[in-house]
Amino acid sequence: SAEKEGDDLIVVWEDNGVGIAEEEKENIFERGYGKNTGLGMFLAREILSLTDISIIENGNPGEGARFEMRIPQESYRFIE
């Protein structure tokens, strides 16, 4: 989903899985952290940051993961 918040656009990706534990929410974005290579979310955050887009995980453990990407006004446009 997507919604405007001030001048920014918030794009949300969420699922209904087990979610991410509170103590892991920031760790998942660190290089080498995870069950495989630990590059997935690290690379996602790094690539997004090149265009001033931020990403956080703010879902509820036990209810699913929820990733929120904040896109600054100068990086998006709506065509009507």
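Below, the structure is looked at part by part. (Residues numbered from 1 in each chain as written. Predicted model: local features only at pLDDT ≥ 70, side-chain atom pairs only at ≥ 80, totals over all residues. Heavy atoms only, no water.)

## Re the overall build of the chain
Helix and strand counts for the chain come out as 1 helix and 4 strands. Taken from the N to the C terminus, the helices and strands of the chain come in the order β-β-α-β-β. Each principal axis of the C-alpha distribution contributes one length, and for the chain these read about 40 × 25 × 20 Å. Counting only residues that meet the buried cut, the chain has 28% of its 80 residues in that class. For the chain, the proportion of contacts with a sequence separation of at least 24, taken over those separated by at least 6, is 56%. Surface exposure of the chain reaches about 5800 Å², of which carbon and sulfur atoms provide 50%. (Helix = DSSP H or I, 4+ residues; strand = E, 2+ residues; numbered from the N terminus. Buried < 20%, exposed > 50% of the residue type's maximum accessible area, 1.4 Å probe, protein only. Contact = heavy atoms within 4.5 Å. Areas by Shrake-Rupley, 256 points an atom, 1.4 Å probe, with all protein chains shown as cover.)

## Some details on the pairing of strand E1 (residues 2–5)
Alignment of E1 against strand E2 (residues 8–14), held across 4 bridges, turns out to be antiparallel. Within E2, the residue paired with Ala 2 across the bridge is Val 11. Two successive antiparallel strands, E1 and E2, enclose a turn made up of 2 residues, where Gly 6 displays a positive phi of approximately 65 degrees. (Pairing = 2+ DSSP bridges.)

Fair warning: the whole summary comes from geometry, so function is off the table for now.
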